[in-house]
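For reference, the chains in residue letters:
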Amino acid sequence: MNFKLTEKKVSEIKSDLEIIIVIKGDLDHNSVKDKDSLIKAGFSGEHEESCLLIENNRFYIGSDSIKSTDIRAIMGVAMRSLQGTTFKSAKVLTYMSHPKCTAVLRGMVEGIILGNYTFDRYKSKKSTKNLIDIIISMEEYHGFSLDKDSCQRAIDNAIITANATNYTRDIVNTPPEDFYPKVMAKMAKKLSKKSSLECKILKKKDIESEDMNALLAVSRASRHKPRVIHLAHKPENPKAVISIIGKGLTYDSGGLSLKPADFMVNMKLDKSGGSAVMGIMKAISEMNISVEVHGFIGAVENMIGGDAYKPDDVLIAKNGKSIEVKNTDAEGRLVLADVLCYAQQEVKADYIFDMATLTGACVVGVGNYTIGVMGNTKMASDMVVNASNKISGEMATKLDFNRYLGRTIKSNIADMSNISNTRYGGAVTAGMFLSNFIDEHHEDRWAHLDIAGPAFVEHAWGENPEGASGSGVRTMIKLIEKVSRGDGHIVEVCDS
Ligand code: BES
Ligand code: ZN
Ligand code: ZN
């Protein structure tokens, strides 16, 4: 897709189609051009409702507001409904709500690219996507004049962000037969060459020398050997150092605590955290953000077999802590425990985040659309929630730790058990398990993102088509951009 920003008025632009956003209330005033035809067609301007007036090549879509998050979502919906049409070019206004606030424009461009995404690699008949040229007019909805350079920058960053999200989606959507730890490592190497990132791959022998025994136990029954991937973006004079650790379970069968058939379907999604790390690293290097960012991925397949790790085993993690295995399906925390230790050994970070499709309990708790954010203190979790909700278009909410839930992972024979002794609060107990592998230096600088809900979409919503969503990519890019500007924990006024 090509995006062209122009100072021309919409009426002066030649294109096959015009996309018009109907903001809540607009239809009641006489500001909408085709009001009568729209009403005749039954269009009432509700959020995400669309109407194509084919006679005059205008496509209308309703939005509750001109907030960036709404514009991103409705543009995603618009692109899905335009798939299959033959329009090759479309023109649209910026709909910016403040002359300096480009968040709406960024949201619009992200929404267009994200909504247009399909995963057709395995289809003989590919979906038809004719819309190639998007022309954005700076003629303003509100009548004020806009700065072309900052608008262009917003478009460029939107393209990078959305393409990185789609890159993550492609990885997650790829079936486990074609995407296993070695493939992930190769892909990271390829990315590092293209984006001038540093890349280090740890193979099984290296992982053994690093004493990552919990990770190794999870990987043992698979014919695919594990990999630990380290990607680094190292600009000169960075404003801060951030480490991001991703759960990269290229398949989670549950292991000997085997998942029931219905629960195993889609478990290729269990590499979503690691895949998000790849997308984030890609975007950060393309934007050349002045923050040093390290991405670590534990790439492992959790399978069954004669060599499988078992419930009742006791594993010694990299930091020497012992873990009694009571359920081999709680494998993500075992992999992360070791990779968190490794990441902290390699890099002293100002902030450390981990991203994982860690628990079904998180989906039960906060639903399919929201990231659960946890940590020992507020600081790092607040950064995630602030970067997410108001700006990125993703949703995130905090889940608090407490000492009583912490006690439920006690073990009689080891330092801790890998599951809790209560059936409730599973997202929090998993987060508290991980906190055992955060060292003193990072204690207050760490947040854990459970993306089990939003990582894989059952029914398309907003800018997310069915399948992998690229959950967490946009949030973390935004967070890192904010840190580079020195306002890591301040909510941007113009984004609300
Ligand atoms: N990968 C799953 C979590 C998951 C479930 C992600 C559904 C996405 C959708 C994880 O490894 C897992 O199986 N967790 C168990 C933990 C339990 C055994 C304590 C779960 O959530 O059931
Ligand atoms: Zn599992
Ligand atoms: Zn898992």
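Calculation notes
Once a new chain begins, its residue numbering starts again from 1 and follows that chain's sequence as written. Labels are handed out in written order, letters beginning with A for the chains and numbers beginning with 1 for the ligands. Per-residue local features of the predicted model are confined to residues with pLDDT of at least 70, and side-chain atom pairs are confined, for both listing and counting, to 80 or more; whole-chain, interface and lining totals are unaffected and use all residues. The basis for every side-chain value is the complete set of non-hydrogen atoms in the structure, without hydrogens or water. Every axis corresponds to a line fitted to the C-alpha atoms, with the helix fit spanning only the stretch in contact, and the corresponding angles, defined between N-to-C directions, vary from 0 to 180 degrees. Helix and strand definitions follow DSSP, with helices as H or I runs of at least four residues and strands as E runs of at least two, each counted in order from the N terminus. In these notes the angle categories are as follows: under 35 degrees is roughly parallel, over 145 is roughly antiparallel, 65 to 115 is roughly perpendicular, and the rest is oblique. Contacts: residue pairs with any heavy atoms within 4.5 Å of one another. Any residue outside Ala, Val, Leu, Ile, Met, Phe, Trp, Tyr, Cys, Pro, Asp, Glu, Lys and Arg is labelled polar, Gly included; the first ten of those are nonpolar and the last four are charged. Any N, O or S atom lying within 2.8 Å of the metal counts as a donor, and for Na, K and Ca the limit rises to 3.2 Å; water is left out, so some sites can look incomplete. Relative accessibility decides the category of a residue: with a 1.4 Å probe and only protein chains considered, values under 20% of the type maximum give buried, values over 50% give exposed, and everything between is partly exposed. Salt bridges, as used here, are contacts in which a Lys or Arg side-chain nitrogen is within 4 Å of a carboxyl oxygen on Asp or Glu. Working rule for helices: expected span equals 1.5 Å times residues minus one. An arc is given here, and it is the one of the directions from the helix axis to the C-beta atoms. For each domain, the first and last residues come from an automatic or database assignment. Joining two parts hides part of their accessible area as seen by a 1.4 Å probe, and the buried area is that hidden amount summed over both. What qualifies as a polar contact is a pair of N or O atoms within 3.5 Å, subject to a donor-acceptor requirement within protein and to the restriction that residues adjacent in sequence count only when both atoms come from side chains. Irregular is the label for any site that misses the other tests, which are tetrahedral for four donors with all angles between 85 and 135 degrees, and square planar for four donors or octahedral for six when opposite donors exceed 155 degrees and the remaining angles lie between 65 and 115. Strands were regarded as paired on the criterion that DSSP finds at least two bridges between them.

### Re the packing of helix α5 (residues 181-195) against helix α9 (residues 272-287)
Think of two packed helices as two axes; the pair is described by the angle between the axes and how far apart they sit.
Inference 1: Between α5 and α9, the least distance of the axes is 10 Å, while the angle of their chain directions is 5 degrees. When the interaxial angle is binned, α5 and α9 end up roughly parallel. Across the interface between the two elements, Met184, Met187, Ala188, Leu191 and Ser195 of α5 pack against Gly274, Ser275, Met278, Lys282 and Ser285 of α9.
Inference 2: Grouping the constituent residues of the contact of α5 with α9 by class yields five nonpolar, four polar and one charged.

### A look at the coordination of the zinc ion (ligand 2)
Inference 1: Those donors, Asp252 (OD), Asp329 (O), Asp329 (OD) and Glu331 (OE), are the protein atoms that reach the zinc ion (ligand 2), and they lie 2.0 to 2.2 Å from it.
Inference 2: Between the donor residues of the zinc ion (ligand 2), the gaps in sequence give the motif D-x76-D-x1-E.
Inference 3: The distance between the zinc ion (ligand 2) and the zinc ion (ligand 3) is 3.2 Å, with Asp252 acting as a donor to both metals. Highlighted residues: Asp252 in strand β9 (residues 241-252) and Asp329 in the loop between β12 (322-324) and α10 (332-346), separated in sequence by 77 residues.
Inference 4: The class of Asp329 is partly exposed, set by a relative accessible area of 22%.

### Some points on the pattern of salt bridges
Inference 1: Throughout the structure, instances matching the rule amount to 20 salt bridges.
Inference 2: Through salt bridges with shared partners, one network takes in Glu18, Lys33, Asp34 and Arg58.

### Points about α5
Inference 1: The end-to-end C-alpha distance of α5, which contains 15 residues, comes to 21 Å, matching closely the 21 Å that a straight helix rising 1.5 Å per residue would cover.
Inference 2: Considered for burial, the residues of α5 that qualify are Pro181, Met184, Ala185, Ala188, Leu191, Ser192 and Ser195. With its buried residues spanning 120 degrees around the axis, α5 presents them on a single face. The exposed residues of α5 that point more than 90 degrees off its buried face are Lys186, Lys190, Lys193 and Lys194.
Inference 3: Elements in contact with the buried residues of α5: α4 (148-173), β7 (198-202), β8 (227-233), β9, α9 and β10 (292-302).
Inference 4: Looking one or two residues beyond α5, the residue adopting positive phi is Ser196, at roughly 50 degrees.

### With respect to the domain arrangement of the protein chain
Interface extent is often summarised as the accessible area lost during association of the parts.
Inference 1: Partitioning the protein chain into structural domains gives domain 1 (2-138) and domain 2 (163-484).
Inference 2: If you average the C-alpha positions of domain 1 and of domain 2, the two centres end up 35 Å apart.
Inference 3: Taken together, the 18 residues of domain 1 in the interface contact 25 residues of domain 2.
Inference 4: For the domain 1 and domain 2 pair, buried surface summed over both sides reaches about 1600 Å², with 52% attributable to carbon and sulfur atoms.
Inference 5: Among the residues of domain 1 in contact with domain 2, Arg106, Leu114 and Tyr117 are the three that bury the most area, contributing 39% of the side total.
Inference 6: Taken together, the connections running from domain 1 to domain 2 amount to one salt bridge.
Inference 7: Glu481 is the salt-bridge partner of Arg106, the closest N and O atoms lying 2.7 Å from each other.
Inference 8: Run the count over domain 1 and domain 2 and you get ten residue pairs in polar contact (both at pLDDT 80 or more).
Inference 9: Of all elements in the fold, only α2 (68-82) and α3 (103-115) reach the threshold of two or more residues within the side of domain 1 that touches domain 2.
Inference 10: In terms of residue count, α2 provides more of the side of domain 1 that touches domain 2 than any other element does, seven residues in total.
Inference 11: Looking at the side of domain 1 that touches domain 2 residue by residue, the classes come out as seven nonpolar, five polar and six charged.

### Topic: the coordination of the zinc ion (ligand 3)
Inference 1: Ligation of the zinc ion (ligand 3) by protein atoms is provided by Lys247 (NZ), Asp252 (OD), Asp270 (OD) and Glu331 (OE), these donors lying 2.0 to 2.4 Å from the ion.
Inference 2: Geometry at the zinc ion (ligand 3) is octahedral, judged from its six donor atoms and the angles of 77 to 173 degrees they form at the metal.
Inference 3: All donor residues of the zinc ion (ligand 3) come from one chain, and their arrangement in sequence is K-x4-D-x17-D-x60-E.
Inference 4: Overall, the relative accessible area of 0% leaves Glu331 in the buried class.

### Structural notes on unusual backbone geometry
Inference 1: A positive phi angle, close to 55 degrees, is found at Asn57, a residue other than glycine.
Inference 2: When its relative accessible area of 31% is taken as the criterion, Asn57 is described as partly exposed.
Inference 3: With phi around 80 degrees, Asn266 is a residue other than glycine that occupies positive phi space.
Inference 4: Note on placement: Asn266 falls in the loop between α8 (261-264) and α9.

### Side note on the packing of helix α12 (residues 378-392) against helix α15 (residues 473-484)
Inference 1: Packing of α12 against α15 leaves a shortest axis separation of 8 Å and a crossing angle of 110 degrees. When the axis of α12 is compared with that of α15, the two are roughly perpendicular. Contact residues: Met383, Val384, Ala387, Ser388, Ile391 and Ser392 in α12; Arg474, Thr475, Lys478, Leu479, Lys482 and Val483 in α15.
Inference 2: Of the residues belonging to the contact of α12 with α15, the class tally is six nonpolar, three polar and three charged.

### Comments concerning the pairing of β8
Inference 1: Burial analysis of β8 places seven of its seven residues in the buried class, which makes it a mostly covered element.
Inference 2: A two-sided burial pattern is seen for β8, the buried positions comprising Arg227, Ile229, Leu231 and His233 on one face and Val228, His230 and Ala232 on the other.
Inference 3: With five bridges joining them, β7 and β8 adopt antiparallel strand pairing. Along β8, the bridge assignment pairs Leu202 with Val228.

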